[in-house]
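Residues per chain, in single letters:
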Amino acid sequence: MKKFHILTIFPEFFEGFANTGIVSKAIKKGLVYLNTVNLRDYTADKHRTVDDVVYGGGPGMLLKPEPIFAAYEEISKEKKPYVLITEPWGRKFDQKFAWELSEKDEIMIICGRYEGVDERVKAIVDQEVSIGDFVLSGGEPAALVIMDAVIRLIPGVVGDEDSLRVDSFSDGLVGYPNYTRPPVFKGMEVPQILRSGNHKLIELWRRWKQIENTYKKRPDLLKKAELSEKEIKILHYIKKGKEFEDFISDNKV
Ligand code: ADE
C-alpha cells in the first residue's frame, strides 16, 4: 500500500479528490492510503496559528516551521517518508518523475502557502517540486496533480494496465488519436485503417500518428525520444509532408 501524507491548512480541498473515480477506488481497495494532515492540529497556541510575519520585513506571511516539523516527526515515527514541498521553482513534475515517485512507499507533500514557508523547513525536504512555470496561490492543486499522476501508476489501480504502456509520454511521445462509434459523425469519418482489422497495419499507423503528433505539437520531445531506424524513417517522411500511404507503398509494408 502506498501512503501519501499531505500537510496542508486546507484538508477539505482533498475531499472531492479522495471520493472520486480511480482514486476513490484505489483507496477502497487498500492500494492507497491518503492521510491529509491539518497543520492547525499541530499548533501549540490557542489561536492555532500556522503563519507569521517575515523577518527583515516584506509583504505577506510565511508558514511557521513548528507545525510542519511536529507533523513530520509524528509521521516519521513509523517510517520516514520521501518528502516533497510544492514550489514554483522546484523540479518540474513530469511522467518520469511520476514513475520515480511510484516506487516510493511513503510520500509526504508539504503544500506551500502565502508568500512561502520558513526556510528551515527545507531541512526535512528531499525534493522541491513544481507542476509548471506559473504561480498558484497554494500548493494544494499541485499536490493533487502529483498524487493523481502517481496513483494511476500503482499496479491494480487502472483496470487495464496496457493503457499505461500506451499513455502519452510513456515512451516520450504524444499519443495517437482514438475513435469510438459512430463510424461517421457530422460527416467526419473514422480512418478506414482502424476498421480494417489489420492489426499490424493499425499498430504502424498509430506509431506514425504518434510521431506526427509529436512533431507538430511537441517537437521538443523528439530530441529526447529514442526512435528506432524505422521510426526515424517515418519522421523523415512526415518532415517532407508525405502521407502514411506513401510510406506503406514505398516500403512494401
Ligand atoms: N506553488 C505555487 N505555484 C506552484 C507551482 N507552479 N507548482 C508547484 N507549487 C506551486
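Here we take up the overall build of the chain. Along the chain, the regular secondary structure elements total 10 helices and nine strands. A compact globule built from 253 residues should have a C-alpha radius of gyration of about 18 Å, whereas the chain, at 23 Å, is more than 25% larger. In the chain, buried positions account for 42% of the 253 residues. Restricting the contact set of the chain to residue pairs at least 6 apart, pairs at least 24 apart contribute 73%. In the structure as shown, the chain presents an accessible area of about 14900 Å², 53% of it carried by carbon and sulfur atoms. Across the chain, the mean location of the 39 positive side-chain charges is 6 Å away from that of the 40 negative side-chain charges.

The biggest cluster of nonpolar side chains holds 30 residues, and the ones touching the most others in it are Phe-4, Leu-84, Phe-93, Leu-101, Met-147 and Ile-151. The set of elements that each furnish at least two residues to this core consists of strand S1 (2-8), helix H1 (15-18), helix H2 (21-28), strand S2 (32-38), strand S5 (82-92), helix H4 (95-102), strand S6 (106-110) and helix H5 (140-151). For this core, the leading source of residues is H5, giving six residues.

A few words on the pattern of salt bridges. The final tally for this structure, using the stated rule, is 19 salt bridges. Of the charged contacts, one joins Lys-209 and Glu-212 as a salt bridge, the two residues approaching to 2.9 Å between their closest N and O atoms. Separated by three residues within a single helix, Lys-209 and Glu-212 lie in helix H7 (residues 199-217), roughly one turn from each other. Residue Asp-220 is joined to Arg-218 by a salt bridge in which the shortest nitrogen-to-oxygen separation is 2.9 Å. Judged by relative accessible area, which is 37%, Asp-220 ranks as partly exposed.

Quick look at the pairing of S6 now. With five of five residues buried, S6 is to be regarded as a mostly interior element. Both faces of S6 are covered, namely the face carrying Glu-106, Met-108 and Ile-110 and the face carrying Ile-107 and Ile-109. Bridge count for S1 against S6 is five bridges, and the pairing is parallel. Opposite Leu-7, over in S6, you have Ile-110 as the bridge partner. One crossover worth recording links S5 to the parallel S6 by way of H4, and it is right-handed.

Let's shift gears to the site of the ligand. In the vicinity of the ligand, the contacting residues are Thr-86, Glu-87, Pro-88, Val-129, Ser-130, Ile-131, Gly-132, Phe-134, Val-135, Leu-136 and Ala-142. In the environment of the ligand, a nitrogen atom lies 3.4 Å from a nitrogen or oxygen atom belonging to the backbone of Glu-87. Contact between the ligand and Gly-132: a nitrogen atom at 3.0 Å from a main-chain N or O atom of the residue. When the ligand is considered free in solution it has 260 Å² of accessible area, and contact with the protein chains removes 95% of it. Those elements that provide at least two residues to the shell around the ligand are S5 and strand S7 (127-130). Residue composition of the shell around the ligand, grouped by class: seven nonpolar, three polar and one charged.

In this section: the packing of H4 against H5. It is the contact of H4 with H5, at a shortest axis distance of 9 Å, that shows an interaxial angle of 70°. Viewed along their axes, H4 and H5 adopt a mutual orientation that is roughly perpendicular. On the side of H4, the interface is formed by Ala-98, Leu-101 and Ser-102, while H5 contributes Ile-146, Ala-149 and Val-150. Taken together, the residues of the contact of H4 with H5 break down into five nonpolar, one polar and no charged.

Structurally, Ser-130 is set in strand S7. We classify Ser-130 as buried; its relative accessible area is 1%. Within the structure, the side chain of Ser-130 is placed 3.1 Å from the backbone oxygen of Pro-88, a separation counted as a polar contact. In this structure, Ser-130 is in contact with Glu-87, Pro-88, Trp-89, Gly-90, Arg-91, Lys-92 and Phe-93, ignoring residues within four places of it in sequence.

The subject of this paragraph is the packing of H7 against helix H9 (residues 229-239). As a packed pair, H7 and H9 sit with axes 10 Å apart at the nearest point and diverge in direction by 60°. The angle between H7 and H9 places the two elements in the oblique class. Helix-helix and strand crossings are classified by hand; for H7 and H9 the assignment is right-handed. Contact residues: H7 offers Leu-204, Arg-207, Trp-208, Ile-211, Glu-212 and Tyr-215, while H9 offers Lys-230, Glu-231, Ile-234, Leu-235, Tyr-237, Ile-238 and Lys-239. Its residues assigned to classes, the contact of H7 with H9 shows eight nonpolar, no polar and five charged.

Rules and cut-offs
- Residues numbered from 1 in each chain as written.
- Predicted model: local features only at pLDDT ≥ 70, side-chain atom pairs only at ≥ 80, totals over all residues.
- Heavy atoms only, no water.
- Helix = DSSP H or I, 4+ residues; strand = E, 2+ residues; numbered from the N terminus.
- Rg over C-alpha atoms; globule rule 2.2 N^0.38 Å.
- Buried < 20%, exposed > 50% of the residue type's maximum accessible area, 1.4 Å probe, protein only.
- Contact = heavy atoms within 4.5 Å.
- Areas by Shrake-Rupley, 256 points an atom, 1.4 Å probe, with all protein chains shown as cover.
- Lys, Arg positive; Asp, Glu negative; His and termini not counted.
- Charge placed at Lys NZ, Arg CZ, Asp CG, Glu CD.
- Core = buried A, V, L, I, M, F, W, Y, C linked by side-chain atoms within 4.5 Å.
- Salt bridge = Lys/Arg side-chain N within 4 Å of Asp/Glu carboxyl O.
- Pairing = 2+ DSSP bridges.
- Right-handed = clockwise from strand over helix to strand, strands pointing away.
- Near = heavy atom within 4 Å.
- Polar contact = N/O pair within 3.5 Å; in protein donor to acceptor, adjacent residues only side chain to side chain.
- Nonpolar A, V, L, I, M, F, W, Y, C, P; charged D, E, K, R; others polar.
- Axes fitted to C-alpha atoms, helices over the stretch in contact; angles between N-to-C directions.
- Parallel < 35°, antiparallel > 145°, perpendicular 65-115°, else oblique.
- Left-handed = near helix turned anticlockwise from the far one by under 90°.

Everything listed is a geometric property; what it means functionally is a separate question.
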